[in-house]
Amino acid sequence: MAVGLGPGGRARHFGRVDLRAPRAAPNERAEAPPRPKDKPSLLLSVNRGMLSIELDQPFALGPVLVDKLALALPNVRFPVDLSGGVTRLRHKRGALTQLALSMGLHDLAGFVAPRLRGILGEAAPDVGFVSSPWGASVGLRLGSAALAFDVVVVPTDRDVRLVPERARGVNLGAPPHVLAVRALAEACRPLGRVVGSAVVLHDIVAAVVRHVLPAAGARAPAVEGTRWDAVSADADRLSLQIAVTGAPAALPAEAIRAIEQADIALDADDAAVAGNLDEARRRYLLALERAPRHPEITTRIAWIDAIAEARTEAALSTLVDAMPAVDAGLLGGRLLAAIGDDDGAIAAFSSAAHNEPFAPLAALAWLEVAKLATDTKQRLDAIDQAIVRSPALEEARWMRLTARLDLGDGTGARADAEHLEAAARGPEARYRVWMRAAEAFFHRGYVPEARSLFERALRYAPESAAASLGLARALRAAGDGRRSLDLLARASAILSRKGQTLPEVEIELARGLVEHASDRPAAIARVRTILPGQTLTPEARLLEGRWRAELGDLAGASLAFARLREAIEAAFPQDTDRAAALAAMLVEAADVEENARGDLRAAQRHLGVALRLRPRDRAVNVAFRRVSTELGRAVPLMPQREDTRPHEHEDDEEPRAHTRRSPTPVPPSEPVSSGETQAHDEDDEALVDQLTERLRGNPDDHEIARRLAAALGRLGRDMDLLALVSTRIEDGTPEIVQEFWPIRQHVLLRLAATARAEGRASEAELYEQMSAETLP
């Protein structure tokens, strides 16, 4: 029982009392517990004949709440004058007898979030905590990247060690365990010190009392002999208190395991946190020799290989040595998806999502399931699960919107768009929501709905050229071409006032001028404003060439198509859909060159680049072979002189591979007829003319074709030779194909070497690709 000293030193049993303030009258109503103050306040108490100084109410140190703090004054003897209260005794040095700390998880999340900028991205992430018997589970999310890990709180004497375990995540640029340690270190600065994979809070007992008691005007007590007891947790709070006497509290099994694992992987964790992942991997392997099949160490090695992306098989091999891949959560799903095992990846991601306490990460795991699912119902179920776990996750809403549109559920998609608008803050954010939704509706054929959504976007940004462009496209698709043209002109005027240009606006306005005003010259002027190097440059050059050809300006059209080919070669696409669209443009350009201008060589060049874009496209292959065959029949009728260049456009200054060079002999394996010995003494140019005429008269004369090939080879006319042998291979019997195939391969390699030596790398790649084909 606490005993207070009344007047004259007589004992009165009234419990604990603050001698600085009068006591409340007995009939006064009890007040609510006081809230923590900015400055701590103390009171005196007597317990078992000893004076003590105590904290009279909780005091906040950042996110940490000091619930209890008491120190005994063993050197103060009775009788003693207590009229001055704490102020009279504050200079006395006492001994710490009680310290209890607690942290509200919600307050802790708000405190550490600004400190974690740079962990997942430049902005502060969303942070969440979930308590556990041994500490807490921590989650961070920023956009489509999320990280989660468990923190095991291990009290040791007056220090506290925080050990991260089971780090996992999606869309991360570094191993999750490394990011977890960095996040812990940032959250605990300046008190935390990284040791291996743990963050050690050194002598927290002394740090707390040295901050609280001097701030209250008292002297900090001695803390020798104190130690932390085990951590305790409830739904939304972690608590920790010291023990002065008695045996140390027993650590839970999770804490013991965390300490052992941290000691085993200490050197490897140091290298990993320092950024030296290759050295960390080597040290983790050494640690794995001491602790074979250790699941945590195995997982860290596999994450290092998975982040490297080129070592997927190594990561999977390491992982399955310790556990089945489908049981490895997000890591197992990522690796199984990388090797093409979609069913296994779906099982791994689904299991991880079900077991994940951090809702945003669980939702992102469900989205990974949705991306892999081929069944529409399974895909929608996964997206719905993601939205249930994290309703504020925008990516899930957008994915469900597009999925509903693909299924024809425009009403449901509109509901998702309205939910996204309601969650957006500010006119700029709502404008972006409606623009993105309108584009999604428009590209899937929902023209009336897209028109309405573009109009809603214009409400938030009436001067938006992009919204005007979208609405104009929707109106044109709906058949209102005149109003569409007016909107495009307005969008162009808005951009002109701002000193800007938007290629999409110029192209759409040019199309409107052609379709509704039949003004091709003005349309050509519009697309010519789109400069080289932009994304829509190929579309602009194609439209220019098409409209020039329709006006009868075939030379200008040919020049535009040559610029189209150059634009594609300068920025070769990796996306298959974009490659298909560009290949279709080149096929159209080749058709104009062949049928309108009769320039087979220019058509062949366009089709050659299209073939590089779509090497397995049957239509492109057939067109290329057909043009090459026709060229083989036509070109030998016009022998090339040393100073002669084939007709090309003004902008095309590349030297041609078929201009005359030093004579190139036919490969040694080429059979030579007895009559050809006499032909070597003749003028090869005249011989080519003669043999060409004879071959035209009798295309099936194989002997003439062989002699013509030999003459072309001696002249170095490789392009003509390639056209000839391609024709023979295309139309010949298996025996003829067997005979001419080696000649084709040799001449392709010579053309590739010449093109590369002259700086035409893209053309050289085409020849090398053709030479790699196998015998049909």
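Residues numbered from 1 in each chain as written. Predicted model: local features only at pLDDT ≥ 70, side-chain atom pairs only at ≥ 80, totals over all residues. Heavy atoms only, no water.

J.: Break down the overall build of the chain for me, citing the residues and quoting the values.
T.: Each helix and strand counted, the chain has 32 helices and 16 strands in total. Taken across its 776 residues, the chain has 51% of its residues classed as buried. A separation threshold of at least 6 residues defines the contact pool for the chain, and within that pool the share at least 24 residues apart is 55%. When the accessible surface of the chain is split by element, carbon and sulfur atoms take 51% of a total near 37,000 Å². (Helix = DSSP H or I, 4+ residues; strand = E, 2+ residues; numbered from the N terminus. Buried < 20%, exposed > 50% of the residue type's maximum accessible area, 1.4 Å probe, protein only. Contact = heavy atoms within 4.5 Å. Areas by Shrake-Rupley, 256 points an atom, 1.4 Å probe, with all protein chains shown as cover.)

J.: An account of the sheet that holds strand β11 (residues 159–170) is requested, with residue identities and associated values reported.
T.: Strand order in the open sheet made by the six strands is β8-β9-β10-β11-β13-β12, with antiparallel pairing throughout. If you trace the sheet from one side to the other, it starts and ends with β8 (126–132) and β12 (192–195), each paired once. Taken over all neighbouring pairs, the strand axes of this sheet differ in orientation by 25 degrees on average, direction set aside. As judged from the three bridges shared by β11 and strand β13 (residues 198–201), these two strands associate in the antiparallel manner. Across the sheet, residue V160 finds its bridge partner in β13, namely L201. Running at roughly 80 degrees to β11, helix α5 (residues 253–264) makes contact with β10 (145–156) and β11 of the sheet. (Pairing = 2+ DSSP bridges. Axes fitted to C-alpha atoms, helices over the stretch in contact; angles between N-to-C directions.)

J.: Hey, could you go over the side chain of T692 for me, with residue numbers and the actual values?
T.: On the secondary structure map, T692 appears in helix α28 (residues 684–697). Of the polar contacts made by the side chain of T692, one reaches the backbone oxygen of V688; its length is 2.6 Å. (Polar contact = N/O pair within 3.5 Å; in protein donor to acceptor, adjacent residues only side chain to side chain.)

J.: Tell me about unusual backbone geometry, residues and numbers included.
T.: Of the consecutive residues R189 and P190, the connecting peptide bond is found in the cis state with omega at 5 degrees. Tracing the backbone shows P190 in the loop between α3 (176–188) and β12. The phi angle at N171 is positive, at roughly 60 degrees, despite the residue not being glycine. The backbone of S518 sits at a positive phi, close to 50 degrees, despite the residue not being glycine. Within the secondary structure, S518 sits in the loop between α20 (503–517) and α21 (520–527).

J.: I'd like a description of the packing of aromatic side chains, backed by residues and values.
T.: Throughout the structure, instances matching the rule amount to one aromatic pair. For the pair F441 and Y446, a centre-to-centre distance of 5.6 Å together with 75 degrees between the ring planes defines the contact as edge-to-face. Y446 matches F441 in its accessibility class, with the two residues each being buried. Stacked on the ring of F572, the Lys or Arg R612 has its end atom at 4.2 Å from the ring centre. (Phe/Tyr/Trp six-rings, centres within 6.5 Å; stacked < 30°, edge-to-face > 60°. Lys NZ or Arg CZ within 6 Å of the ring centre and 35° of its normal.)

None of this, on its own, says anything about what the molecule does.
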